[in-house]
Amino acid sequence: MKAKLILPLIAAALIATSCGSGDPRQQQTDSAMAMKVRVDSAIAAGQYAEAVALIDTISKRYPLATDVRKSLIPVRAKAMEDSIVKAIPQLDLGIANLKGAIDTERAKFVSQSTSANFPPVLVYRGTQGAMTGGARIQARVSTGDEEELNPWYLAVSAGKNIGISSLQVSTRSGAQFTVAVPASEYEQATVPMENMTPLARHLSDTGDAITSITASGSRGTVRIPVTAAQSDGVTAAYRLVTARDSLRSLLMVREKAERILQLARDQSVN
């Protein structure tokens, strides 16, 4: 009697164990096939980047689903190709827009020689001239070899030797900025781009303008009058260099896209 009760229990346990373990390869294959449906849907909807991401997930998550992964290799290559083909016109449009912005900003500047030992700089129209004969500022955009070292900077003259160490900048809106100046033992100083960026970004984003600057140093302070053109020069220099840097980055992305596109096409053929 007891044997009759025990045997069914053993059989049920064996069946449950068999169903619970399954074949890992088959389980991963089934899961991969289920995700492949999402890949097909993404491709049908033109969401090629999403399709590539899903295929990569399948490859990482289901290493035992070799047949599914192998079948997706040409699918991934084609999706990657279609994704880049779709993106290139947008990249080209962005490049064209940046070139237009650069041309617009560049037209606001004139070339000015500052030293026989360095390439000329670009200065905003209406602000050109030597930094002598009083307190003044001049935004300068570098050219040639100097372009990478210090893309743009602010030339400052206090009109007398105060050893300039900082600038206190007031704007039309009432905003105040303290700009650090690399140590100078002369009446003139150069403020690098990184020190000027917070102020210049504010001017560019808000349309604000500089109204006055007070230069401070170890030997006193000097109030530097600022014209509208000089303030606009700071904004324009920031915008020109920002657009120039953005264009350089976008051209690199465009070049990389072409390389990936060729690789994807080679994979599709093979």
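These lines cover the structure that appears in this document, whether it is placed above or below. (Residues numbered from 1 in each chain as written. Predicted model: local features only at pLDDT ≥ 70, side-chain atom pairs only at ≥ 80, totals over all residues. Heavy atoms only, no water.)

**Some remarks on the overall build of the protein**
Within the protein one finds seven helices and nine strands. Expected size for 270 residues packed as a compact globule is a radius of gyration near 18 Å; at 32 Å, the protein overshoots this value by more than 25%. For the protein, the spread of C-alpha atoms along the three principal axes comes to 115 × 50 × 35 Å. Looking at the protein residue by residue over its 270 residues, the buried ones come to 39%. Across the protein, contacts joining residues at least 24 apart in sequence account for 60% of those joining residues at least 6 apart. For the protein, the computed accessible surface area is about 15,100 Å², with 57% contributed by carbon and sulfur atoms. Averaged over its 30 positive side-chain charges, the protein has a centre that lies 5 Å from the centre of its 25 negative ones. (Helix = DSSP H or I, 4+ residues; strand = E, 2+ residues; numbered from the N terminus. Rg over C-alpha atoms; globule rule 2.2 N^0.38 Å. Buried < 20%, exposed > 50% of the residue type's maximum accessible area, 1.4 Å probe, protein only. Contact = heavy atoms within 4.5 Å. Areas by Shrake-Rupley, 256 points an atom, 1.4 Å probe, with all protein chains shown as cover. Lys, Arg positive; Asp, Glu negative; His and termini not counted. Charge placed at Lys NZ, Arg CZ, Asp CG, Glu CD.)

**Re the pattern of salt bridges**
Per the stated rule, a full pass over the model turns up 11 salt bridges. Asp40 is the salt-bridge partner of Lys36, the closest N and O atoms lying 3.5 Å from each other. You can see Lys36 and its partner Asp40 sitting in helix H2 (residues 24–44), four residues apart, about one turn around the helix. Linked by salt bridges that have partners in common, Glu147, Arg244, Asp245 and Arg248 make up one network. (Salt bridge = Lys/Arg side-chain N within 4 Å of Asp/Glu carboxyl O.)

**Some thoughts on the packing of helix H3 (residues 48–61) against helix H4 (residues 66–106)**
It is the contact of H3 with H4, at a shortest axis distance of 8 Å, that shows an interaxial angle of 155°. Between H3 and H4, the crossing angle belongs to the class labelled roughly antiparallel. In terms of crossing hand, the pair formed by H3 and H4 is left-handed. On H4, the residues that touch Tyr48, Ala49, Ala51, Val52, Ile55, Asp56, Ile58 and Ser59 of H3 are Arg69, Leu72, Val75, Arg76, Ala79, Met80, Asp82, Ser83 and Lys86. (Axes fitted to C-alpha atoms, helices over the stretch in contact; angles between N-to-C directions. Parallel < 35°, antiparallel > 145°, perpendicular 65-115°, else oblique. Left-handed = near helix turned anticlockwise from the far one by under 90°.)

**Considering the side chain of Ser231**
By the secondary structure assignment, Ser231 is in helix H7 (residues 228–269). For Ser231, a relative accessible area of 1% translates into the label buried. Setting aside anything within four residues of it in sequence, one finds Ser231 in contact with Leu203, Ala209, Ile210 and Val226.

**Describing the sheet that holds strand S1 (residues 109–112)**
Overall, antiparallel pairing links the five strands, which are arranged S1-S2-S3-S4-S7 in an open sheet. Whereas interior strands pair on both sides, the edge strands pair on one side only; in this sheet they are S1 and strand S7 (188–192). Neighbour-to-neighbour, the strand axes of the sheet open up by a mean angle of 35°, direction not taken into account. Alignment of strand S3 (residues 136–141) against strand S4 (residues 152–157), held across six bridges, turns out to be antiparallel. In the strand pairing of S4, Gln138 is matched with Ala155. Running at roughly 70° to S7, helix H6 (residues 193–206) makes contact with S4 and S7 of the sheet. (Pairing = 2+ DSSP bridges.)

**Things to note about the layout of surface pockets**
Where empty space is left can be seen by rolling a probe of water-molecule size over the atoms. In this model, the largest pocket occupies a volume close to 370 Å³. Every residue lining the largest pocket is counted, 18 residues in all, and those nearest its centre are Thr114, Phe118, Arg140, Tyr153 and Thr190. For the lining of the largest pocket, the class distribution of residues is nine nonpolar, seven polar and two charged. (1 Å grid on protein atoms, 1.4 Å probe; cavity = no way out; pocket = protein on both sides within 12 Å on 5 of 7 lines; lining within 4 Å. Points joined across faces, edges and corners; volume = space filled by probe spheres on them. Nonpolar A, V, L, I, M, F, W, Y, C, P; charged D, E, K, R; others polar.)

**Overview of H3**
Note: α-helices contain 3.6 residues per turn, so residues at a spacing of three or four share the same orientation. Taking 1.5 Å per residue as the helical rise, H3 with its 14 residues ought to reach 20 Å, and the 20 Å between its terminal C-alpha atoms agrees with that figure. Turning to H3, its buried residues are Tyr48, Ala51, Val52, Leu54, Ile55 and Ile58. Projected onto a plane normal to the axis of H3, the buried residues spread over an arc of 160° and lie on a single side. Structural note: H3 exposes Ala49 and Lys60 on the side pointing more than 90 degrees away from its buried face. Against the buried residues of H3 lie H2 and H4. (Expected span 1.5 Å × (residues − 1). Arc of directions from axis to C-beta.)

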